[in-house]
Amino acid sequence: GAAGEQLRAKALYKLKRYREAFRIYASMNAIDAASFEPTSYIADCLARNAQLVPSLPALDRPNYVMMLGFPRSGTTMLENALATHPRVETFEEVPTILAATNYIDRGNKGQTEHEPGSADLYFAARERYFSSLDRLRKKEGADVYVDKLPIRSLIAPFIKRLFPNQRFIFSVRHPYDVALSCFQQRFSVNPAMANFLNLRDTIRLYDLTMTEWFKVHSLDDPLVRYVRYDDLVTDFETVTRGTLAFLGLDWDPAVLEFAERAGERANRTPSYQKVRQGLSLGVQTYWRNYDFLFTQAEAAPLTKWAKFFGYETF
């Protein structure tokens, strides 16, 4: 089965038989793909980005922050670190944005009290997003809320129109490593994760996500705190202090205990096992062993983004 193929691939990687490891990872994904229909996830997201959103009043919720980026970019480690701060509550991969989009879709079919396409409809939908987060709140003493769902970055233009001055934490990691890690990971297959069942689709989704994000944001956007995975693991306290300052918070030494505390939390994503290893993980530059993949023409979009972020390439 797929789990057995994953074990074989990991063993081959440790033996430095990288081409064989890649072939077995591809076999693993083929087993998972066999039971899943082709996805319309990208088309749905692009249609959402094309949706006409009326001009809305600015938000007054600076303590509600979205954590985005791309899967396998270090978001889980950072989220766990922030969650140990007594004033921060994090929400990991919960479908809160659906409270807004479902309301919009019903309204545009005439199934709510608001006129289709009206500013009132979109304003009410936005309030439903925050209400859905508020219903999940459990942490006593917390007053800063971080909603983490990296794959949501693909609908950045829509989010920008619905939440004009929304604040973000955005994780960045070497695009080669991100794509490789997504391809090698066994996710629970859904319309979004089905894009990681072959490397070509993974590259396409990464390229499209970054393209959509940077249509409405820049690297010096004051509403965005960019956190590079390699900086996080090599200079953890400095990076985390800066992120807490972005959230309007002072440093708390409890943040240094994130790896120990991770074991107390629900295991929602594949990254948790590594988070429990803490900063001993190091930077992890697996891509250097896969020149036969990333020097190919189809990897050119990853190379483009690696250069954009200032990373080394082949």
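Thresholds, definitions, all that
Residues numbered from 1 in each chain as written. Predicted model: local features only at pLDDT ≥ 70, side-chain atom pairs only at ≥ 80, totals over all residues. Heavy atoms only, no water. Helix = DSSP H or I, 4+ residues; strand = E, 2+ residues; numbered from the N terminus. Rg over C-alpha atoms; globule rule 2.2 N^0.38 Å. Buried < 20%, exposed > 50% of the residue type's maximum accessible area, 1.4 Å probe, protein only. Contact = heavy atoms within 4.5 Å. Areas by Shrake-Rupley, 256 points an atom, 1.4 Å probe, with all protein chains shown as cover. Lys, Arg positive; Asp, Glu negative; His and termini not counted. Charge placed at Lys NZ, Arg CZ, Asp CG, Glu CD. Phe/Tyr/Trp six-rings, centres within 6.5 Å; stacked < 30°, edge-to-face > 60°.

## Quick notes on the overall build of the chain
And then number 1: Counting its secondary structure elements, the chain contains 15 helices and 5 strands.
And then number 2: Compactness check: the chain gives a C-alpha radius of gyration of 20 Å against a globular reference of 20 Å for 314 residues, within 12% of the reference.
And then number 3: Projecting the C-alpha coordinates of the chain onto the three principal axes gives extents of approximately 60 × 45 × 35 Å.
And then number 4: Considering the chain as a whole, with its 314 residues, one finds that 54% of them fall into the buried category.
And then number 5: A fraction of 77% describes how many contacts in the chain between residues 6 or more apart in sequence connect residues 24 or more apart.
And then number 6: Counting only carbon and sulfur atoms, one obtains 51% of the accessible surface of the chain, whose full area is about 14100 Å².
And then number 7: Charge-centre separation for the chain: the mean point of 40 positive side chains lies 4 Å from the mean point of 37 negative side chains.

## Description of the packing of aromatic side chains
And then number 1: Taken as a whole and judged by the stated rule, the model has 31 aromatic pairs.
And then number 2: Ring geometry for phenylalanine 22 and phenylalanine 292: centres 6.3 Å apart, planes at 80°, overall edge-to-face. Taken as a pair, phenylalanine 22 in helix H2 (residues 18-33) and phenylalanine 292 in helix H14 (residues 291-294) lie far apart in primary sequence, 270 residues in all. For the pair phenylalanine 22 and phenylalanine 292, one class covers both residues: buried.
And then number 3: Members of the aromatic cluster, connected to one another through ring pairs, are Phe168, Phe170, Trp213, Phe214, Tyr226, Trp305, Phe308 and Phe309.

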